[in-house]
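Listed below are the residues making up each chain.
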Amino acid sequence: MTAKDLLYKILDYNYLWSSPARKNSKPAKIRLSQIEILLEAFGLTKKYVNPLVQIKYSITGNKEKLNRAQQLNNLTNLEYVLHGEFLYDREKDANKELSDKVLLKMATLYSHLVEHINARPVDIGWLFNDLLNFRQEFYKITIANDGMLEGFSSGLYYSFYLKGQIKEAIKDNLLEIDETLWQILDPYKRDLSEEEINYPKINLDSIDLEWQVENY
């Protein structure tokens, strides 16, 4: 398994299973446990926080600022990743390959600003947060129709067909975004076996169907 698998699991969990109505369901808890295993496997949990990193966090509507220990204490491991906090705890040049790629592309697109671009650092954190939010929105658009349908409506299924064509076209153009997010999560793009990380073999389709039958 790779950090791209982790990305897709996070997108799925955030869209369908993190809401107050679902987060305590069996499918949600299993998915979150899978995410936790992958976070640990790729060194993306708070266990890897660098205590030497000092940051002050402003709180909306509050004049007081939190130090990093206070801020991280309020976050789950998943939130630690979603907020891009893991990037502060990495070696400075961990994402150098991606940073060089960004600088090269920006220099091509904005040739009149090359000197200015090269004089400023590439903010991988901004890249990650903006791109992840964008990707989450498109996950909502491209996900297959869920829920249980009674009977068969030709009109409705023709609508599904037309929307499906657009969804597939969008998915075909998300590859570079997914590759970039994968590279940020794991610059080494490791591929770990399920046995190596004790990843549970679970039939989620069966569990999801059981939950749907009970709740629809």
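Here is what the cut-offs are and how they apply
Residues numbered from 1 in each chain as written. Predicted model: local features only at pLDDT ≥ 70, side-chain atom pairs only at ≥ 80, totals over all residues. Heavy atoms only, no water. Helix = DSSP H or I, 4+ residues; strand = E, 2+ residues; numbered from the N terminus. Buried < 20%, exposed > 50% of the residue type's maximum accessible area, 1.4 Å probe, protein only. Contact = heavy atoms within 4.5 Å. Lys, Arg positive; Asp, Glu negative; His and termini not counted. Charge placed at Lys NZ, Arg CZ, Asp CG, Glu CD. Salt bridge = Lys/Arg side-chain N within 4 Å of Asp/Glu carboxyl O. Core = buried A, V, L, I, M, F, W, Y, C linked by side-chain atoms within 4.5 Å. Expected span 1.5 Å × (residues − 1). pLDDT = per-residue confidence, 0-100.

**Topic: the overall build of the protein**
Here comes step 1: Each helix and strand counted, the protein has 10 helices and 2 strands in total.
Here comes step 2: Along the protein, from the amino end to the carboxyl end, the secondary structure elements read α-α-β-β-α-α-α-α-α-α-α-α.
Here comes step 3: A principal-axis box enclosing the C-alpha atoms of the protein has dimensions of 60 × 45 × 40 Å.
Here comes step 4: Put simply, the protein has 216 residues, and 35% of those count as buried.
Here comes step 5: Long-range contacts, defined as pairs at least 24 residues apart, comprise 72% of the intrachain contacts of the protein with a sequence gap of at least 6.
Here comes step 6: Where the 27 positive side-chain charges of the protein centre and where its 32 negative ones centre are 5 Å apart.

**Topic: the pattern of salt bridges**
Here comes step 1: For the structure on display, the rule yields 14 salt bridges.
Here comes step 2: One salt bridge in this structure joins lysine 47 and glutamate 40, with 2.7 Å as the shortest N-O distance.
Here comes step 3: According to the relative accessible area criterion, lysine 47 is exposed, its value standing at 58%.
Here comes step 4: A network of salt bridges, in which partner residues are shared, links Lys4, Glu179 and Lys189.

**Re unusual backbone geometry**
Here comes step 1: Despite not being glycine, lysine 189 shows a phi value in the positive range, around 50 degrees.
Here comes step 2: For lysine 189, the position within the fold is in the loop between helix 9 (175–185) and helix 10 (204–215).
Here comes step 3: Residue lysine 189 is classed as partly exposed on the basis of its relative accessible area of 30%.
Here comes step 4: For asparagine 198, which is not a glycine, the phi torsion comes out positive at approximately 55 degrees.
Here comes step 5: Mapped onto the elements, asparagine 198 comes out in the loop between helix 9 and helix 10.
Here comes step 6: Overall, the relative accessible area of 64% leaves asparagine 198 in the exposed class.

**Structural notes on the nonpolar core**
Here comes step 1: Grouped together as the largest cluster of nonpolar side chains are 39 residues, with contacts concentrated most on Leu44, Val81, Phe86, Phe128 and Leu185.
Here comes step 2: Elements that contribute at least two residues to this core include exactly helix 1 (3–17), helix 2 (26–41), helix 4 (77–82), helix 7 (124–142) and helix 9.
Here comes step 3: Top element by residues in this core is helix 1. It accounts for 8 residues.
Here comes step 4: What leucine 185 contacts, discounting residues up to four positions off in sequence, is Ala3, Leu7, Leu44, Val81, Phe86, Arg90 and Phe128.

**So, the environment of histidine 116**
Here comes step 1: You can see histidine 116 is positioned in helix 6 (residues 114–119).
Here comes step 2: On the basis of relative accessible area, histidine 116 is assigned to the partly exposed category, the value being 45%.
Here comes step 3: Along the backbone, histidine 116 and aspartate 100 are 16 residues apart, and their C-alpha atoms lie at a distance of 15 Å.

**Observations concerning helix 2**
Here comes step 1: Along its 16 residues, helix 2 runs 23 Å from first to last C-alpha, staying within 8% of the 22 Å computed at 1.5 Å per residue.
Here comes step 2: Within the span of helix 2, buried status applies to Pro27, Ala28, Ile30, Arg31, Gln34, Ile35, Leu38 and Leu39.
Here comes step 3: Considering only its buried residues, helix 2 is in contact with helix 1, helix 4 and helix 10.
Here comes step 4: The first or second residue beyond helix 2 is glycine 43, which carries a positive phi of 65 degrees.

**Re the confidence of the model for the protein**
Here comes step 1: Per-residue pLDDT for the protein averages 92, and the proportion of residues at 70 or more is 95%.
Here comes step 2: No element of the protein has a lower mean pLDDT than strand 2 (residues 62–67), which averages 80, and none a higher one than helix 4, which averages 98.

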